[in-house]
Amino acid sequence: MLDKHSPIGIIDSGIGGYSVARRLQNHLPHEDFLYLGDGANTPYGNHSAQEILHMTRRLLQFMAQRRVKALVVACNTISCVAEQLIGALECPILNVLQSGAQAVARLQPDRVGVISTCFTAQSGCYPERILRLSPDTQAISRGCPDLADLIERYIDQPGGAGRIDQAIRDNLAGLEDLDCFLLACTHYPLAQENFQRLYPHVQWLDPAEELAGAVEAFLTEHSLLNPSPELGRLEIYTTGSAPDYAHKAETAGLLQIASVRHLAI
Ligand code: DGL
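Residues numbered from 1 in each chain as written. Predicted model: local features only at pLDDT ≥ 70, side-chain atom pairs only at ≥ 80, totals over all residues. Heavy atoms only, no water.

(A) The arrangement of the overall build of the protein in detail. Across its full length, the protein holds 11 helices and 10 strands. For 265 residues, the compact-globule estimate of 2.2 N^0.38 gives 18 Å, and the C-alpha radius of gyration of the protein, at 17 Å, lies within 12% of that figure. Relative to its 265 residues, the protein shows a buried fraction of 54%. Across the protein, the fraction of contacts at a sequence separation of at least 24, relative to all contacts at a separation of at least 6, is 77%. When the accessible surface of the protein is split by element, carbon and sulfur atoms take 49% of a total near 11300 Å². Within the protein, the 30 negative side-chain charges are centred at a point lying 3 Å from the centre of the 20 positive side-chain charges. (Helix = DSSP H or I, 4+ residues; strand = E, 2+ residues; numbered from the N terminus. Rg over C-alpha atoms; globule rule 2.2 N^0.38 Å. Buried < 20%, exposed > 50% of the residue type's maximum accessible area, 1.4 Å probe, protein only. Contact = heavy atoms within 4.5 Å. Areas by Shrake-Rupley, 256 points an atom, 1.4 Å probe, with all protein chains shown as cover. Lys, Arg positive; Asp, Glu negative; His and termini not counted. Charge placed at Lys NZ, Arg CZ, Asp CG, Glu CD.)

(B) View of the site of the ligand. Lining the immediate surroundings of the ligand are 14 residues, of which Ser13, Tyr44, Thr77, Thr186 and His187 lie closest. Between the ligand and Ser13 there is a distance of 2.6 Å, counted from an oxygen atom to a side-chain nitrogen or oxygen. Gly45 is positioned with one of its backbone polar atoms (N or O) 2.8 Å from an oxygen atom of the ligand. Within the complex, the protein chains bury 99% of what would otherwise be the 300 Å² of accessible surface of the ligand. Of the residues in the shell around the ligand, the class split is 5 nonpolar, 8 polar and 1 charged. (Near = heavy atom within 4 Å. Polar contact = N/O pair within 3.5 Å; in protein donor to acceptor, adjacent residues only side chain to side chain. Nonpolar A, V, L, I, M, F, W, Y, C, P; charged D, E, K, R; others polar.)

(C) The arrangement of helix H11 (residues 242-251) in detail. If you check which residues of H11 are buried, you get Ala242, Tyr245, Lys248 and Ala249. Buried positions in H11, seen along its axis, are confined to an arc of 130° and lie on one side of it. Pointing more than 90 degrees away from the buried face of H11 are the exposed residues Pro243 and Glu250. Buried residues along H11 sit against helix H1 (18-27), strand E2 (33-37), helix H7 (147-154), strand E9 (234-238) and strand E10 (257-262). Structurally, the start of H11 carries an N-cap: the backbone nitrogen of Asp244 is 3.2 Å from a side-chain oxygen of Ser241. Among the residues trailing H11, Gly253 stands out with phi positive, at a value near 85°. (Arc of directions from axis to C-beta.)

(D) Geometry of the pattern of salt bridges. One pass over the full model with this rule turns up 14 salt bridges. Close ionic contact of Asp206 with Arg23 constitutes a salt bridge, the shortest N to O distance being 3.4 Å. Here Asp206, found in the loop between strand E8 (203-205) and helix H10 (207-221), pairs with Arg23, found in helix H1; they are 183 residues apart in sequence, far enough to count as distant. Owing to a relative accessible area of 26%, Arg23 belongs among the partly exposed residues under this scheme. Measuring nitrogen to oxygen at the nearest pair gives 2.8 Å for the salt bridge that ties Arg66 to Glu235. Here the residue Arg66 occupies a position in the loop between helix H2 (49-65) and strand E3 (70-73), and Glu235 occupies one in strand E9, the gap between them amounting to 169 residues. Its relative accessible area of 29% is what places Arg66 among the partly exposed residues. Through salt bridges with shared partners, a single network forms among Arg23, Asp206 and Glu209. (Salt bridge = Lys/Arg side-chain N within 4 Å of Asp/Glu carboxyl O.)

Note that all results are geometric; they support no functional claim without further evidence.
Here it is as structure tokens:
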């Protein structure tokens, strides 16, 4: 039996899910959130499906112990294999793919660049969904081998903006004629300011806004909204460095942070 007072779990390969967590906090201020980023194993995007599933199942064990009422798979890369995780938890598992495709369908552009990890690009998950919702849109996928990892490491570091700018330019080379992109990796919206500054004419779509609405709709439909009048709390866990995750959480603008802890799994 799911408890409406339980937290909502959020998982990501690293800090990328912070871009989803902040939208969820804005959208659902009375909910408690439990965030787990696999800082010790990030990035996931250059691994095989089997390896990604193996690493993800360990994150799910923690979420099962903490009895979350819903699990949000923020990470696009994990979302591409999320169908193979159905039934792994007692609670429902929501992922980001449909929200990303909906963000594109809302605009119905002629062409959209879908930038993501290499795994997400190779899986073909997004073009397939975009085609279903927006049949006249041509989706052009681009896997960016190192961009998420650079953002994870340098987003809050002095001089980091320059390294991230260069990586964005390198990874988007040849796509400069597109004027609409889906940020299909949770790390990228954390560097939205860099993307906008480098390509001011471009529209950057972040699936997290649609996802926050989908999570709210789901909780409402299943009578799982937390009725508390208090502001919710955010507990953060990482398999990596807790001080690093704490600093990056502040940089990302997360609210009501109750604790940031290392988790050994
Ligand atoms: N941020 C993750 C995503 O949304 C993946 C980054 C990585 O671990 O490679 O796909």
